Amino acid sequence: TDRAADAGGAAAKFSVRSWEEVKLKYRVIERFRGKYPIGSMCRMFEVSRSGYYAWRKRQGKPAKDQWLVDLIIDCQQRSKQTYGCRRVRRWLERRHGKKVNIKAILRVMRRLDLLSQVRRRKSYRHYQQAVHKYPNLLQRAFAQPFPDRFWVTDIPYISTAKGMVYMCAVLDLCGKMVLAYRIGGDMTSSLVTDTVRDACKKEKVADGLILHSDQGSQYTSQAYFDLSQEYHIQPSMSSPGCPYDNAAMENFFGTLKTECLYRRKFSCRAEVEQAVAEYVQFYNYERIDLKNGLTPFEIRSKAV
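Residues numbered from 1 in each chain as written. Predicted model: local features only at pLDDT ≥ 70, side-chain atom pairs only at ≥ 80, totals over all residues. Heavy atoms only, no water.

Caption draft 1: Region of interest: the pattern of salt bridges. What the rule picks out here adds up to 14 salt bridges. Arg33 is the partner of Glu30 in a salt bridge, and the nearest nitrogen-oxygen pair spans 3.8 Å. Overall, the relative accessible area of 34% leaves Arg33 in the partly exposed class. (Salt bridge = Lys/Arg side-chain N within 4 Å of Asp/Glu carboxyl O. Buried < 20%, exposed > 50% of the residue type's maximum accessible area, 1.4 Å probe, protein only.)

Caption draft 2: Focus on unusual backbone geometry. Backbone geometry at Asp148 places phi at a positive 60 degrees, although glycine is not the residue there. A positive phi angle, near 55 degrees, is found at His232, a position not held by glycine. Residue placement: His232 occurs in the loop between helix H9 (222-230) and strand S6 (234-237). (Helix = DSSP H or I, 4+ residues; strand = E, 2+ residues; numbered from the N terminus.)

Caption draft 3: Representation of helix H8 (residues 189-203) within the structure. With 15 residues, H8 extends 21 Å between its outermost C-alpha atoms, agreeing within 8% with the 21 Å of an ideal straight helix rising 1.5 Å per residue. Here H8 has its buried residues at Leu191, Val192, Thr193, Thr195, Val196, Ala199, Cys200 and Glu203. Looking at the buried positions of H8, the neighbouring elements they touch are strand S1 (150-154), strand S3 (163-172), strand S4 (177-184), strand S5 (210-213), H9 and helix H12 (296-303). One or two residues past the end of H8 sits Lys204, with phi positive at roughly 50 degrees. (Expected span 1.5 Å × (residues − 1). Contact = heavy atoms within 4.5 Å.)

Caption draft 4: Examining the nonpolar core more closely. Counting residues in each nonpolar core, the largest one holds 27 residues, and the members touching the most others are Met167, Phe252 and Leu256. If you tally residues by element for this core, the top one is helix H11 (residues 269-285), at 6 residues. (Core = buried A, V, L, I, M, F, W, Y, C linked by side-chain atoms within 4.5 Å.)

Caption draft 5: How the structure looks around the packing of helix H10 (residues 247-259) against H11. Two elements in contact, H10 and H11, have axes separated by 11 Å at closest approach and are oriented at 120 degrees. Our classification of the angle between H10 and H11 gives oblique. The interaxial crossing formed by H10 with H11 has right-handed handedness. From H10, Phe252, Thr255, Leu256 and Glu259 reach across to H11, where they touch Tyr279, Phe282 and Tyr283. Partitioned by chemical class, the residues of the contact of H10 with H11 number 5 nonpolar, 1 polar and 1 charged. (Axes fitted to C-alpha atoms, helices over the stretch in contact; angles between N-to-C directions. Parallel < 35°, antiparallel > 145°, perpendicular 65-115°, else oblique. Left-handed = near helix turned anticlockwise from the far one by under 90°. Nonpolar A, V, L, I, M, F, W, Y, C, P; charged D, E, K, R; others polar.)

Caption draft 6: Structural context of the packing of H8 against H9. Direction vectors running N to C along H8 and H9 enclose 15 degrees, while the axes themselves pass 9 Å from each other. On the basis of their axis angle, the class for H8 and H9 is roughly parallel. For the pair H8 and H9, the sense of crossing is right-handed. For the pair H8 and H9, contact is made by Ser189, Val192, Thr193, Val196 and Arg197 and by Ala223, Tyr224, Leu227 and Glu230, respectively.

In structure tokens form, the structure reads like this:
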């Protein structure tokens with residue numbers, strides 16, 4: 001055992017018996033097998049002799065799933081690594097007629113670091129600080145003929161070199177015009193309430209306005225409830241984890257990101273504020289809607 005101490009120092013820190021760590025120990029044993037007794041090194045590293053010899057026997061032989069490795073590499077090259085394991089499985093069936101267990105596909109993809117690089121949708125989280133919940137009064141009726149009947153709101157994040165900033169915006173579903181927006185350094189309730197207050201002061205809305213949002217903690221807060229009481233707004237909420245219930249707002253932010261935010265890199269919040277201000281001005285008063293050839297401002301003005 002003492003004679004194996006030199007070899008043991010190379011792998012002493014690996015005490016967790018994961019497969020990768022065990023293989024590393026096998027490689028150390030293989031390196032020193034002509035210098036120290038194999039049995040002593042196996043005891044030193046807490047691995048079995050039979051396991052070591054089985055590992056040694058496999059060396060130099062092609063992996064039994066090499067054909068699957070080759071196909072998955074080909075698939076992810078063609079898809080630019082946008083496929084998850086389920087789409088890879090479909091691809092194998094369509095292109096090669098191979099029906100492969102999804103666990104085997106996932107194992108190979110993890111081993112080769114070929115998991116999808118497309119950002120995954122985050123699962124819905126229940127916020128402990130939620131105070132108020134509201135029914136869905138909008139029911140996906142996104143085409144509204146009259147202004148100031150249905151508004152929608154949401155908060156996306158925007159990346160800068162100095163960290164994330166957050167934008168809250170309010171849209172009127174009549175014309176999909178941006179009524180107000182604010183950019184802040186935190187996703188606080190005040191970011192939402194200040195933005196909604198700006199829109200309310202600008203529009204001087206009457207009773208009965210419905211304001212639709214998702215179930216984010218800012219919209220279930222006491223501050224948001226108090227604001228709705230102050231301006232006689234009826235809050236409306238999407239179903240948990242269902243972005244389709246607020247598709248009009250999601251569509252605007254998708255357009256903003258595609259046509260403005262994703263086309264450049266921002267070094268600070270001031271650059272984001274300038275870019276968003278210019279784009280919102282363009283979006284409201286110049287960007288033509290393909291369905292009717294009008295801008296959001298023109299659609300809304302004609303409906304008054």
